[in-house]
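Spelled out, the chains give:
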Amino acid sequence: MGRKRIRGSAFARSRKRLVPPMTQRQVADEIGATQSQISDFENNTGNVLSASKIEAYAKLLGSDFQEYLAGHADQRDALAFCNSTLCPSHEALANGKRIYIVPDIFHTKDTFCRCCGEPLYRTCIECLSPVKPGRNCAECGAFYVDPPSEEELAGQDPMAWAAQQQRIHLAVLGSIQTREEVQS
Ligand SMILES: [Zn+2]
Ligand SMILES: [Zn+2]
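For the structure given in this document, a descriptive report is provided here. (Residues numbered from 1 in each chain as written. Chains lettered and ligands numbered in written order. Predicted model: local features only at pLDDT ≥ 70, side-chain atom pairs only at ≥ 80, totals over all residues.)

Two numbers describe how helix α2 (residues 24-31) lies on helix α4 (residues 51-60): the axes approach to 10 Å, and their chain directions differ by 120 degrees. The angle between α2 and α4 falls in the class oblique. Crossing of α2 against α4: the hand is right-handed. Across from V27, E30 and I31 in α2, the residues of α4 making contact are K53, A56, Y57 and L60. Taken together, the residues that form the contact of α2 with α4 break down as five nonpolar, no polar and two charged. (Axes fitted to C-alpha atoms, helices over the stretch in contact; angles between N-to-C directions. Helix = DSSP H or I, 4+ residues; strand = E, 2+ residues; numbered from the N terminus. Parallel < 35°, antiparallel > 145°, perpendicular 65-115°, else oblique. Left-handed = near helix turned anticlockwise from the far one by under 90°. Contact = placed C-beta atoms within 7 Å. Nonpolar A, V, L, I, M, F, W, Y, C, P; charged D, E, K, R; others polar.)

Quick look at the structure:
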């Protein structure tokens, strides 16, 4: 369900903060990609890099950044959330044409979402600060989970889409036994 969403823009910001900063060309040479692939990846224009190349890129950016990739997250008991827009663990709210996804944020040592199987994240995908309860990051304001794409909406009215997701959410809520509620 859904696909792993990795934001290349976060990679681009980290790349420019390296001392000394790396160019797209240098990254491309290091990980065996082309400069235009790095550029497309950093501009979030589709899945242009394979998972192993994304991992190699994360490695260049240092150990903190690798935690961004849930597969490399420490198995520690930290707040985590599923980043998949379509995950039934989220609440979906609509306000007119806008849809807000409110992720389920909970303490876990798991690497993958028990609801949909996608990787769990422990940091904001944009600024990499630790996740805190809420629908957007307290540090940078980015939404933790993207609203549905045009493709995911499939021509549905946003209110209808959110109501449908909410029904699925409520239906699966009872089946998730293992998580601990966040008291906030
Ligand atoms: Zn999920
Ligand atoms: Zn943030």
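So that's the structure; there's more coming.
Let us now look at the sheet that holds strand β5 (residues 120-121). Taken in spatial order, the three strands line up as β4-β1-β5 in an open sheet, and their pairing is antiparallel. A strand with exactly one partner marks an edge of an open sheet, and here the two such strands are β4 (106-108) and β5. As paired elements, strand β1 (residues 78-82) and β5 share two bridges and run antiparallel to each other. Across the sheet, residue C82 finds its bridge partner in β5, namely L120. (Pairing = 2+ DSSP bridges.)

Our next topic: the nonpolar core. Residues Y57, F81, C82, L120, Y121, V131 and Y144 are the most contacted members of the largest nonpolar core, which totals 31 residues. For this core, the secondary-structure elements that each account for two or more residues are α1 (8-17), α2, α3 (35-42), α4, β1, β3 (98-102) and β5. Counting residues domain by domain, this core receives three or more from each of domain 1 (8-66) and domain 2 (72-173). Leave out the neighbours within four places in its chain, and V131 touches L79, A80, F81, I105, Y121, R122, T123, C124 and Y144. (Core = buried A, V, L, I, M, F, W, Y, C linked by C-beta atoms within 7 Å. Buried ≥ 20, exposed ≤ 12 C-beta atoms within 10 Å, placed from the backbone. Domains from an automatic or database assignment.)

Our focus in this paragraph is the pairing of β3. Of the two faces of β3, only the one carrying I99 and I101 is buried; R98, Y100 and V102 on the other face are not. Relative to β3, strand β2 (residues 91-95) runs antiparallel, the two sharing five bridges. Residue E91 lies in a different strand from β3, and its bridge partner there is V102. If you look at the hairpin formed by β2 and β3, you'll find two residues sitting between the two strands, and G96 has a positive phi there, around 65 degrees.

Once that is clear, we can look at α1. The set of residues buried in α1 consists of G8, A10, F11, S14 and R15. Taken down its axis, α1 places every buried residue within 150 degrees of arc, on the same side. Exposed residues on α1 whose side chains face more than 90 degrees from its buried face are K16 and R17. (Arc of directions from axis to C-beta.)

Checked against the element boundaries, R15 lands in helix α1. Owing to 21 C-beta atoms within 10 Å, R15 belongs among the buried residues under this scheme. Sequence separation of R15 and L61 is 46 residues, and the distance between their C-alpha atoms is 6.4 Å. Once residues within four sequence positions are removed from consideration, R15 is found in contact with P21, M22, V27 and L61.

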